[in-house]
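# Structure assessment
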Amino acid sequence: MKNLAVTSLLILAVTFLFSGCLTVEKKEYIFELTGENSGRLTIKYYNILSMKDDTTDVSGEDFQELLSDYVYGSVIEEDYPNATNIQKEFYEENGVLCAKITLDFNDLAAVRLFRYKEDSPFMLNLGNLLQSESYNNSNGYYGGEIMPVVFWESTLSKLSLITVITPPDESTVSLLDNFLKWKEEQH
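Attention in this report is confined to the structure presented alongside it.

## A few points about helix α4 (residues 176-186)
Each α-helix turn comprises 3.6 residues. Residues three or four places apart therefore point the same way. Every buried residue belonging to α4 is among Leu176, Phe179 and Trp182, and all of these are buried. For α4, the buried positions fall inside an angular range of 125 degrees around the axis, keeping them on one side. Structural note: α4 exposes Asp177, Lys181, Glu184 and Glu185 on the side pointing more than 90 degrees away from its buried face. Contacts from the buried residues of α4 go to α2 (59-71), β3 (84-93), β4 (96-105) and β11 (172-174).

Right, here's the structure in full:
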């Protein structure tokens, strides 16, 4: 029942993020295992974007949502309630706005990883993610549409996955300028 509640919360958070106009070009997940069931997860959000509302630029409103929900808010903490030491960083890279979230975990389930016994592969079910994210690549094996699971060899200590969400086009606006103005105002 607890897993159902966590899954429901994740779906709500992802739906909230992508039902508005705030999106991202792609995400990179890096799981660094430091123990049998513990480690650190780093999620990199590359090119944070605003989707135009029809043809109207709503990037100012979307940037305020980014600040209130992700920078100052607790969306990440709610997505990963059993994680600890959650750190958020927003920065410019290659002319786009990016974010890096790092968190520690003491249980694979805290970051949605699974393995049924010690020597079995690590597994991540992408079923919930695929509603808004598309598998791009990983250092594991992807089961495809029939089995939307990434499998990683049990001997690996670093698991990586890249998903694509919204490729930039004329219907998107970069939030980099908003971020740079905000950052300047903070000093």
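Now that the structure has been shown, the text picks up again.
## Concerning the packing of aromatic side chains
By convention here, two paired aromatic rings are described through the distance between centres and the angle between planes. For the structure shown, the criterion picks out 5 aromatic pairs. When the centroid spacing of 6.3 Å and the interplanar angle of 65 degrees are considered together, the rings of Phe63 and Trp182 count as edge-to-face. Within this pair, whereas Phe63 is found in helix α2, its partner Trp182 is found in helix α4, the two being separated by 119 residues in sequence. A relative accessible area of 3% means that Phe63 is categorised as buried. Judged by centre distance (6.5 Å) and plane angle (70 degrees), the rings of Tyr72 and Trp182 are edge-to-face. Residue Tyr72 is located in the loop between α2 and α3 (75-79), and its partner Trp182 is located in helix α4; the two are separated by 110 residues in the primary sequence. Residue class for Tyr72 comes out exposed when judged on its relative accessible area of 58%. Of the aromatic side chains, those joined through ring pairs into one cluster are Phe63, Tyr72, Phe179 and Trp182. The ring of Tyr46 is capped by Lys26, whose NZ or CZ atom sits 5.2 Å from the centre of that ring. Here the guanidinium or amino end of Arg112 rests over the ring plane of Tyr80, the centre of that ring lying 4.3 Å away.

## A short note on a negative patch on the surface
Together, Asp53, Asp54, Asp57 and Glu61 make up a region of like negative charge exposed at the surface. Mapped onto the elements, Asp53 comes out in the loop between β2 (39-51) and α2. Residue class for Asp53 comes out partly exposed when judged on its relative accessible area of 47%.

## So, the packing of α2 against α4
Two elements in contact, α2 and α4, have axes separated by 10 Å at closest approach and are oriented at 60 degrees. Taken as axis vectors, α2 and α4 run oblique relative to one another. Along this stretch, α2 crosses α4, giving a crossing that reads as right-handed. Here Ser59, Gly60, Phe63, Leu67 and Val71 of α2 come into contact with α4, specifically with Asn178, Phe179 and Trp182. Residues that form the contact of α2 with α4 fall into these classes: 5 nonpolar, 3 polar and no charged.

## Details of the pairing of strand β10 (residues 158-164)
Only one face of β10 is buried: it carries Leu159, Leu161 and Thr163, and the other face, with Lys158, Ser160, Ile162 and Val164, is open. The pairing of strand β1 (residues 22-33) with β10 spans 7 bridges and is classified as antiparallel. From the neighbouring strand, Ile30 faces β10, where its bridge partner is Ser160.

About the thresholds
- Residues numbered from 1 in each chain as written.
- Predicted model: local features only at pLDDT ≥ 70, side-chain atom pairs only at ≥ 80, totals over all residues.
- Heavy atoms only, no water.
- Buried < 20%, exposed > 50% of the residue type's maximum accessible area, 1.4 Å probe, protein only.
- Helix = DSSP H or I, 4+ residues; strand = E, 2+ residues; numbered from the N terminus.
- Arc of directions from axis to C-beta.
- Contact = heavy atoms within 4.5 Å.
- Phe/Tyr/Trp six-rings, centres within 6.5 Å; stacked < 30°, edge-to-face > 60°.
- Lys NZ or Arg CZ within 6 Å of the ring centre and 35° of its normal.
- Patch = residues over 30% accessible without salt bridge, like charges linked within 9 Å, V, L, I, M, F, W, Y side chains within 5 Å.
- Areas by Shrake-Rupley, 256 points an atom, 1.4 Å probe, with all protein chains shown as cover.
- Salt bridge = Lys/Arg side-chain N within 4 Å of Asp/Glu carboxyl O.
- Lys, Arg positive; Asp, Glu negative; His and termini not counted.
- Charge placed at Lys NZ, Arg CZ, Asp CG, Glu CD.
- Axes fitted to C-alpha atoms, helices over the stretch in contact; angles between N-to-C directions.
- Parallel < 35°, antiparallel > 145°, perpendicular 65-115°, else oblique.
- Left-handed = near helix turned anticlockwise from the far one by under 90°.
- Nonpolar A, V, L, I, M, F, W, Y, C, P; charged D, E, K, R; others polar.
- Pairing = 2+ DSSP bridges.

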